[in-house]
Amino acid sequence: MQNSSVSSSNIAWVDWIRVIACFLVVLAHCCDPFVANFDNNYSEFFSGALIGSLVRPCVPLFVMISGVLLLPVNQDMGTFYRRRLSRVVVPLVIWSLLLPVLYYLYFTIGGVESANPNIDLAEHTLEGTLPKLWTWVINFNYTTVPLWYLYMLVGLYLFMPIISGWLKTAARKESKIFLW
């Protein structure tokens, strides 16, 4: 297990996994238009779904990289939370407030008609947008879907100092049993 004081630039295999995971994320997002084509072209849908499924390990790779670089936590909880959460929570708050406004501007003021029948245009009116500006913390909604990874990262960061104490005292066998 790597110490959190070791910088990521000292671990070559972590850098390689990060590069591979970035490539897989791009490939996964490139599959999305084909998967969205379900009703029009089944072969495009199935090939997009197959390739997209094969590259989905990108997210667990990033989560594992975070674990390798941050566990065990060798700081007090306040310092750890201040350093980590400030990097994630500030962008999460800004984008959670900005995305509903941008959707509103795109669909309402821009006069864009949605070609996707799954998008409810009433959601992007002023009446539909305003509640999203104060309920985003407790109500994960359509406009904040792109931020799902940040929500997950906040949860991981909140959990890491707690599990770190156990990891420091647990035997290797106990850790493996927990992971299984």
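Residues numbered from 1 in each chain as written. Predicted model: local features only at pLDDT ≥ 70, side-chain atom pairs only at ≥ 80, totals over all residues. Heavy atoms only, no water.

## Considering the overall build of the protein
Working step 1: The secondary structure content of the protein amounts to seven helices and zero strands.
Working step 2: Tracing the protein from N to C terminus, the helices and strands come up as α-α-α-α-α-α-α.
Working step 3: For the protein, with 180 residues in total, the buried portion stands at 29%.
Working step 4: Nonlocal contacts in the protein, meaning residues at least 24 apart in sequence, comprise 66% of its contacts between residues at least 6 apart.
Working step 5: Total accessible area on the protein stands at roughly 11800 Å², and carbon and sulfur atoms take up 69% of it. (Helix = DSSP H or I, 4+ residues; strand = E, 2+ residues; numbered from the N terminus. Buried < 20%, exposed > 50% of the residue type's maximum accessible area, 1.4 Å probe, protein only. Contact = heavy atoms within 4.5 Å. Areas by Shrake-Rupley, 256 points an atom, 1.4 Å probe, with all protein chains shown as cover.)

## Re the environment of I11
Working step 1: Inspection of the secondary structure assignment puts I11 in the segment before helix 1 (12–35).
Working step 2: Look at I11 and you get buried, because its relative accessible area is 5%.
Working step 3: Along the backbone, I11 and L69 are 58 residues apart, and their C-alpha atoms lie at a distance of 9.3 Å.

## With respect to the pattern of salt bridges
Working step 1: In total, this model carries two salt bridges according to the counting rule given.
Working step 2: Close ionic contact of R18 with D15 constitutes a salt bridge, the shortest N to O distance being 3.3 Å. One end of the pair is R18 and the other is D15, both in helix 1 and three residues apart, which spans about a single turn.
Working step 3: Judged by its relative accessible area of 28%, D15 is partly exposed.
Working step 4: In this structure, R56 and D32 form a salt bridge, with 3.8 Å as the shortest nitrogen-oxygen distance. A residue pair is termed long-range when its members are at least 10 positions apart, and R56 in the loop between helix 2 (42–54) and helix 3 (58–70) and D32 in helix 1 qualify at 24 residues. (Salt bridge = Lys/Arg side-chain N within 4 Å of Asp/Glu carboxyl O.)

## Some remarks on the packing of aromatic side chains
Working step 1: Counted by the stated rule, this structure contains five aromatic pairs.
Working step 2: Look at F45 and F46: their rings are 5.0 Å apart centre to centre, the planes differ by 70°, and that puts the pair in the edge-to-face class.
Working step 3: Note on F45: relative accessible area 16%, which makes it buried.
Working step 4: Put simply, the rings of F80, Y81 and Y157 touch in pairs and so form one group of aromatic residues. (Phe/Tyr/Trp six-rings, centres within 6.5 Å; stacked < 30°, edge-to-face > 60°.)

## Things to note about a nonpolar patch on the surface
Working step 1: On the surface, a nonpolar cluster with roughly 680 Å² of combined accessible area is contributed by V90, I94, W95, L98, V101, L102, L105 and I109.
Working step 2: Examined against the element boundaries, V90 turns out to sit in helix 4 (residues 77–109). (Patch = residues over 30% accessible without salt bridge, like charges linked within 9 Å, V, L, I, M, F, W, Y side chains within 5 Å.)

## Here's the deal with helix 6 (residues 148–169)
Working step 1: If you check helix 6, its first and last C-alpha atoms are 32 Å apart, about what 22 residues at 1.5 Å a residue would give, namely 32 Å.
Working step 2: M160 marks where helix 6 bends most, by close to 40°; the proline P161 follows one to four residues later.
Working step 3: Among the residues of helix 6, L153, V154, Y157, M160, P161, I163, S164 and L167 are the ones counted as buried.
Working step 4: Check the buried side of helix 6 and you find it contacts helix 3, helix 4 and helix 7 (172–179). (Expected span 1.5 Å × (residues − 1). Bend = angle between axes of the 7 residues up to and from the residue.)

## So, the side chain of S175
Working step 1: Note on placement: S175 falls in helix 7.
Working step 2: Beyond its immediate sequence surroundings of up to four residues, S175 is in contact with W166, L167 and A170.

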